[in-house]
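Single-letter residue listing:
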Amino acid sequence: MNELLLIIISAVVINNFVLKYFLGICPFLGVSKQVEASLSMGMAVTFVMTLTAPVVWLINTFILVKFDLRFLEYVTDIIVIAALVQLVEMFIRKTSHGLYRTLGIYLPLITTNCAILFSALFLVLRGYNLIQSTLFGFGSGVGFTLAIVIMAGIREELDFADVPEALQGAASTLIIAGFLALAFMGFSGMPTK
Amino acid sequence: MGNQLLVSLLTMGGLGLILSIGLAIANKRLKVEVEEDPRIQEIASVLPGLNCGACGFAMCSGFAKALVEGKAPANGCIPGGEEVAKQVASILRIEVEAREKKIAKILCYHRGKARTQFDYQGLENCRAANLLFGGNKTCLYSCLGLGDCIEVCPFDAITLVNGKIEIDEERCTGCGKCVSICPKGVVALIPEEKKVHILCNSKDKGAIVRKICKEGCIGCGICVKVCPEEAITLKDNLAYIDYEKCTECGICAEKCPTHVIQVTSNIEQ
């Protein structure tokens, strides 16, 4: 039980995908303008990650390893992710058209979000079992959501700040991202798994 | 080896099949009861589908949506021109004003072959060159000829011929992408049927222009005086034609001392 909790905490804060491994930077910078949109982006990513993890684990354990097809790992991962993203897209389109338009191109682009592919690759690399994998996927997604929501919160505040001209836009965004990563480094003394 | 090939093919195929079946089922369940206006589809099918963005909306579908919502003018599609505007208007049952077709024109006699003042060996890119003392041309306002407009043109209408930028008037739709990318602002959109052009962009004083370029506007103001329609004005040492007033009589071109005003559709040397 303790170990499972540790996996989640590790994925959420200590080894945060965005701020520790620098994965999934594209939506992290692209959709982090409003808290609301970034929250839903994070939830979509979390959903895809949480579902991807067990499916990938099952495919990996029962097909790829058994038939000695480990070299297909990347391809199967991508197929699974793409299919799940499609599902999420349909779902969001059905439930909230406004959200669908806010996320725009970034929604199908979750497919190519490297954070998701990496969570799928990591869980194999680290030899997690099914439950651990699912929790790891979920934790990674929550970590991504956390990072992007914090980012969006800061950027929303920044709209009212008097930013020097040279630092406006992308420059200040990247600096904030750097500071956030530094802040999250504070967690790295905690036990990781 | 053959076995492995077969197994991997079967695995991927099977996986694809299962996932696609799953998605098909999900699609049926989650299908959006389209509240989308059927006219959007109809308009989208009329539009050229070039996704050039000249209308100011993302892709033709975005423009179609904006049209139905009344946020865009029916004649907003520039490449489609009058024909598309008419079709769109008939779908939306609104009146449409004909929009004059405009084409891009490089308002520099030399179009990239102006005199240079130093050897430029950086990126082959006008915007990069412009950052370095405004480019290597002696005239600060001239076309740099490195072809950013060529790259950005969605219709392949711009080419480089013997170091000069040529714009194919047949292909040019007047989308204005070259106008916005040109760091020198030397490209302008001009009504297609107008044939009188002032091929200079220099806002330098006449004496300086005379020194650095034989075919530059020196701001003498003769054209302003001779124009019977008062269509030409002088601003910042540069003559401008008001195309609404211009009747293409060609008097200005005759009188221009540096022959920078030309009456022709295709500028030939």
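If you're wondering where the values come from, they're calculated on a predicted model, not measured in any experiment. Starting from 1, residues in each chain are numbered consecutively following that chain's sequence as written. Each chain takes a letter, starting from A, and each ligand takes a number, starting from 1, following the order in which they are written. Note on the predicted model: pLDDT of at least 70 is required for a residue's local features to be given, and 80 or more for side-chain atom pairs to be given and counted; whole-chain, interface and lining totals, by contrast, use all residues. In computing side-chain properties, one takes all heavy atoms of the structure into account and sets aside hydrogens as well as water.

**Let's talk about the overall build of chain B**
A count of helical and extended segments in chain B gives ten helices and eight strands. Of the roughly 15,200 Å² that chain B leaves accessible, carbon and sulfur atoms contribute 53%. A run of DSSP states H or I qualifies as a helix once it reaches four residues; a run of E qualifies as a strand once it reaches two. Both are numbered from the N-terminal end. For the area figures, the Shrake-Rupley method with a 1.4 Å probe applies, and any residue is considered shielded solely by the protein chains shown.

**Considering the packing of aromatic side chains**
All names here are of chain A. Two rings belonging to Phe, Tyr or Trp (six-membered ring only in the last case) form a pair when the distance between their centres is within 6.5 Å. Interplanar angles under 30 degrees mark stacking, angles over 60 mark edge-to-face geometry, and anything in between is tilted. Counting across every chain of the model gives eleven aromatic pairs over all chains. Taken together, a centroid distance of 6.0 Å and an interplanar angle of 80° make the contact between Phe-17 and Tyr-21 edge-to-face. Buried, partly exposed and exposed residues are distinguished by accessible area as a fraction of the type maximum, computed with a 1.4 Å probe on protein chains only: under 20%, between the cut-offs, and over 50%, respectively. Note on Phe-17: relative accessible area 1%, which makes it buried. For Tyr-21, a relative accessible area of 29% puts it in the partly exposed group.

**What to know about the pattern of salt bridges**
Residues and elements named next belong to chain B. We define a salt bridge as a side-chain nitrogen of Lys or Arg found within 4 Å of a carboxyl oxygen belonging to Asp or Glu. This structure, assessed with the given rule, holds five salt bridges over all chains. With a shortest N-O distance of 3.3 Å, Arg-111 and Glu-166 are connected by a salt bridge. Residue Arg-111 is located in the loop between strand E1 (102-106) and helix H5 (126-131), and its partner Glu-166 is located in strand E3 (residues 164-167); the two are separated by 55 residues in the primary sequence. The exposure class of Glu-166 is partly exposed, given its relative accessible area of 25%. With its nearest N and O atoms 2.7 Å apart, the salt bridge here joins Arg-127 to Asp-148. Of this pair, Arg-127 sits in helix H5 while Asp-148 sits in helix H6 (residues 148-152); the two residues are 21 residues apart in sequence, bridging distant segments of the chain. For Arg-127, a relative accessible area of 38% gives the class partly exposed. Relative accessible area serves as the criterion here: at 3%, Asp-148 is assigned to the buried category.

**Points about the interface of chain A and chain B**
Should any heavy atoms of two residues lie within 4.5 Å, those residues are counted as being in contact. Tallying the contact residues gives 19 residues for chain A and 18 residues for chain B. Buried area counts how much accessible surface, traced with a 1.4 Å probe, disappears from two parts once they are put together, with both parts' losses summed. Both sides of the chain A and chain B interface together cover about 1,600 Å² of buried area, and 79% of this is carbon and sulfur. The three residues of chain A that bury the most area against chain B are Ile-79, Met-90 and Lys-94 of chain A, which together make up 32% of that side's buried surface. If you look at where chain A meets chain B, you find zero salt bridges. Elements with a contribution of two residues or more to the side of chain A that touches chain B: helix H3 (35-64) and helix H4 (73-95) of chain A. For the side of chain A that touches chain B, the element with the most residues is H4 of chain A, which contributes eleven residues. Split into classes, the residues belonging to the side of chain A that touches chain B amount to 13 nonpolar, two polar and four charged. Residues are sorted three ways: Asp, Glu, Lys and Arg are charged, Ala, Val, Leu, Ile, Met, Phe, Trp, Tyr, Cys and Pro are nonpolar, and all the rest, Gly among them, are polar.

**Let's talk about the side chain of Thr-173 of chain B**
Residue and element names in this part refer to chain B. Mapped onto the elements of the fold, Thr-173 is located in the loop between E3 and helix H7 (177-181). Residue classification places Thr-173 among the buried residues on the basis of a relative accessible area of 12%. Once residues within four sequence positions are removed from consideration, Thr-173 is found in contact with Ile-78, Pro-79, Lys-101, Lys-102 and Phe-155.

**Here we look at the side chain of Ser-40 of chain A**
Residue and element names in this part refer to chain A. Position of Ser-40 relative to the elements: it lies in helix H3. The class for Ser-40 is buried, based on a relative accessible area of 11%. A polar contact is formed between the side chain of Ser-40 and the backbone oxygen of Glu-36, at a distance of 3.0 Å. The definition of a polar contact used here is a pair of N or O atoms within 3.5 Å, where within protein one atom must be able to donate a hydrogen and the other to accept one, and adjacent residues in sequence count solely through side-chain atom pairs.

**Overview of the state of the cysteines**
Residue and element names in this part refer to chain B. Count a disulfide wherever a pair of cysteine sulfur atoms falls within 2.5 Å. Counting across every chain of the model gives zero disulfides over all chains. Cys-172 forms no disulfide, and the closest cysteine sulfur to it belongs to Cys-178, at a distance of 6.1 Å. Taking relative accessible area as the criterion, Cys-172 reaches 8% and is therefore assigned buried.

**Concerning the confidence of the model for chain B**
As a per-residue measure, pLDDT tells how confident the predictor is, with possible values from 0 to 100. For chain B, the average pLDDT comes to 84, and 94% of its residues sit at 70 or higher. Among the scores for the predicted complex, ipTM is 0.72 and pTM is 0.56.

**Points about the packing of helix H1 (residues 2-14) of chain A against helix H7 (residues 130-158) of chain A**
All names here are of chain A. Axes, fitted as lines to C-alpha atoms, cover a helix only where it is in contact. Angles between the N-to-C directions of the axes lie from 0 to 180 degrees. Relative to each other, H1 and H7 sit at 30°, their axes nearing to 7 Å. Judged by the angle between their axes, H1 and H7 are roughly parallel. Note that H1 runs across H7; the crossing there is right-handed. In this structure, H1 uses Glu-3, Leu-4, Ile-7, Ile-8, Ala-11, Val-12 and Val-13 to contact H7, whose residues at the interface are Ile-131, Gln-132, Leu-135, Phe-136, Gly-139, Ser-140, Val-142, Gly-143 and Leu-146. Broken down by class, the residue content of the contact of H1 with H7 amounts to eleven nonpolar, four polar and one charged. Between 65 and 115 degrees an angle is taken as roughly perpendicular, under 35 as roughly parallel, over 145 as roughly antiparallel, and anywhere else as oblique. Note on convention: the crossing is left-handed when the near helix lies turned anticlockwise from the far helix by less than a right angle, right-handed when the turn is clockwise.

**Overview of the environment of Val-31 of chain A**
Residue and element names in this part refer to chain A. Note that Val-31 resides in the loop between helix H2 (25-30) and H3. Relative accessible area serves as the criterion here: at 6%, Val-31 is assigned to the buried category. Counting along the chain gives 72 residues from Val-31 to Leu-103, while the straight-line C-alpha distance between them is 7.3 Å. Contact partners of Val-31, with chain neighbours within four places excluded, come to Ala-37, Ser-38, Met-41, Leu-103, Tyr-106 and Ile-148.

**Thoughts on the nonpolar core**
Nonpolar cores are built from buried Ala, Val, Leu, Ile, Met, Phe, Trp, Tyr and Cys residues. Side-chain atoms within 4.5 Å join them into one set. With 55 residues, the main nonpolar core has Leu-19, Phe-28, Val-48, Leu-107, Ile-110 and Phe-136 of chain A as its most contacted residues. At the level of secondary structure, the elements contributing two or more residues to this core comprise H1, H3, H4, helix H5 (97-103), helix H6 (114-125), H7 and helix H8 (170-185) of chain A together with helix H1 (2-30) of chain B. Looking at this core element by element, the count peaks at eleven residues for H3 of chain A. Apart from residues no more than four positions distant in its own chain, Ile-110 of chain A is found in contact with Met-41, Ala-44, Val-45, Val-48, Ile-81, Val-85 and Ile-116 of chain A. Of all hydrophobic cores here, the second largest spans 23 residues; its members include Leu-199, Cys-217, Leu-238 and Cys-252 of chain B.

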